[in-house]
Each structure stands twice: as C-alpha cells, then as structure tokens.
Amino acid sequence: MAYQTFRQEYMQIPPVTRAYTTACVLTTAVVQLELITPFQLYFNPELIFRHYQIWRLITNFLFFGPVGFNFLFNMIFLYRYCRMLEEGSFRGRTADFVFMFLFGGLLMAIFGLFVNLVFLGQAFTIMLVYVWSRRNPYVRMNFFGLLNFQAPFLPWVLMGFSLLLGNSIIVDLLGIAVGHIYFFLEDVFPNQPGGGRILKTPYILKAIFDTQDEDPNYNPLPEDRPGGFAWGEGQRLGG
C-alpha cells in the first residue's frame, strides 16, 4: 500500500521535474555508495573537449555535494520551483521547458569556462528560482519566518543566505545572470518596440515532448501556494 501511494504521488510529478530531481538524487546516491567519485562528474573543459568525456556537460548539473544540509536545501528548492514553473507558465509546453533547460545549461557551461566552477547544479537551481520569481512578481514570500518580501527579491535573499553560510556568491550570481538573460529574451524583448522572439523551441523538441494529451486526473501543485516550507512560503497579494 505504501509503495502504491508513493508511486502514485511520484508519477503525479510533471515529467521534466521528475526526471531531473530523480537524476540528481540517484547521482548523489551512487557517489555516497562510492560506485563513482565526484572527480568523474565535475565540469572540466580539457577533459570534455580533448578527452571527449562529454558526459561531464550533464553530470556537473546533477551533483550537489554529499548528503547534508546543503544537499537537502538545494533539492527542496530545485524540486519546488522547477515543479511550479512546469505546472505554471510552462503548463502544456514541455518542449519549451526542455528548451529552457538546454539554453540555460549551455549558457552556464560557456560562463563556466571563465568563472572556474566545477559543479553548476546550484546555479541552475537559482536560474529556475529567478525565472519563476520574475513571472510571479506579486507573490509574497516569507524566508524562515524572518523576512517578508515579494517574489522578485527571492534570488537575492538566497544569495545573501549563501553569503552568511560562507559560500561563494559566484554560483548565485551566475544563476541570476543566466535566469535574467532567459527572462529578458523570452518575456521582455518580444514585447518591446521592434522586438521579437529570439528563442524559438526547435521543432524536434516539440515533436518529442508535446505529442501526449494531458492527463485529466493530473493534480498539479498550485503555483500560488508554493508549499509549506517557511523559507519559501508564498501568498499572492490580495489573496
């Protein structure tokens, strides 16, 4: 019974969020079991381009460090805001969501050549948070019950929290920068005089991901009530 309940809840998670978070958890699990090491996963341009270890372009987004507070914190935010994006502004647009993943990942890999980062998963999470926050500007947030602010400030609050923990803010700045570039090209520039859509999802992605009919029994996570965690709790103004 417990397995059936878990399986049902698991399959209710939208596909891109389910695939990415599962890959992150499994990657961490095999590292914890010492079946592989982080040295086989990290972003290294020389190993990628000279030794053809292409998998590093993907695996560096899947490892968030050993199991602990930092890992759990990142997994919660990754799952939470990835799912809210997929069920909110990308609802019924799976191919566009996958394209955002590819565009963001490619841009981060290019920037990663200059900022000397070996794992980009946390920056990717910040990118998702940034895009969600800009698309939901009137949602009120509460961080650990201490701060109240509107959603667009959330990435900056997370950066401040990282600073308090003694972490480098380069990761957060990279995620914010890539998130802003995507948001500007997708949401701002097309609505400007003389503007237009630069980012266009390739037809092959639409053919692969946008062919299935929507499940009538699908139970989405409400975007205007983003969960029960104090550090990310939100409420729409006037609600």
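In this text the structure is predicted, and so the values were computed from the model without any measurement.

Caption draft 1: Representation of the layout of surface pockets within the structure. Considered as a void within the structure, the second largest pocket measures approximately 270 Å³ in volume. Secondary structure elements with two or more residues in the lining of the second largest pocket: helix 7 (121-135) and helix 9 (170-188). Of the residues in the lining of the second largest pocket, the class split is six nonpolar, six polar and one charged.

Caption draft 2: The packing of helix 8 (residues 154-164) against helix 9, seen in detail. The contact between helix 8 and helix 9 brings their axes to 9 Å, and the two run at 165 degrees. In terms of axis orientation, helix 8 runs roughly antiparallel to helix 9. Helix-helix and strand crossings are classified by hand; for helix 8 and helix 9 the assignment is right-handed. Along the contact surface, helix 8 presents P155, W156, L158, M159 and S162, while helix 9 presents D172, L173 and I176. For the contact of helix 8 with helix 9, a count of residues per class yields six nonpolar, one polar and one charged.

Caption draft 3: Region of the structure containing the confidence of the model for the chain. Residue-level pLDDT values for the chain average 85, and 87% of them are 70 or greater. pLDDT under 50 marks residues 220-239. Its contacts with residues more than four places away, or in other chains, come to 57 contacts.

Caption draft 4: Focus on empty space enclosed by the protein. A complete count under the given rule lists one cavity of 30 Å³ or more for this structure. The volume enclosed by the largest cavity comes to roughly 30 Å³. Along its surface, the largest cavity is lined by F90, R93, D96, F99, Y182, E186, R197, L199 and T201. Residue assignment for the lining of the largest cavity shows that the elements contributing at least two residues are helix 6 (94-115) and helix 9. Of the residues that constitute the lining of the largest cavity, the class distribution is four nonpolar, one polar and four charged.

Caption draft 5: View of helix 6. An ideal rise of 1.5 Å per residue puts 32 Å on 22 residues; helix 6 measures up with 31 Å between its terminal C-alpha atoms. Just downstream of helix 6 lies N116, where phi reads positive at about 60 degrees.

Cut-off values and rules
Residues numbered from 1 in each chain as written. Predicted model: local features only at pLDDT ≥ 70, side-chain atom pairs only at ≥ 80, totals over all residues. Heavy atoms only, no water. 1 Å grid on protein atoms, 1.4 Å probe; cavity = no way out; pocket = protein on both sides within 12 Å on 5 of 7 lines; lining within 4 Å. Points joined across faces, edges and corners; volume = space filled by probe spheres on them. Helix = DSSP H or I, 4+ residues; strand = E, 2+ residues; numbered from the N terminus. Nonpolar A, V, L, I, M, F, W, Y, C, P; charged D, E, K, R; others polar. Axes fitted to C-alpha atoms, helices over the stretch in contact; angles between N-to-C directions. Parallel < 35°, antiparallel > 145°, perpendicular 65-115°, else oblique. Left-handed = near helix turned anticlockwise from the far one by under 90°. Contact = heavy atoms within 4.5 Å. pLDDT = per-residue confidence, 0-100. Expected span 1.5 Å × (residues − 1).

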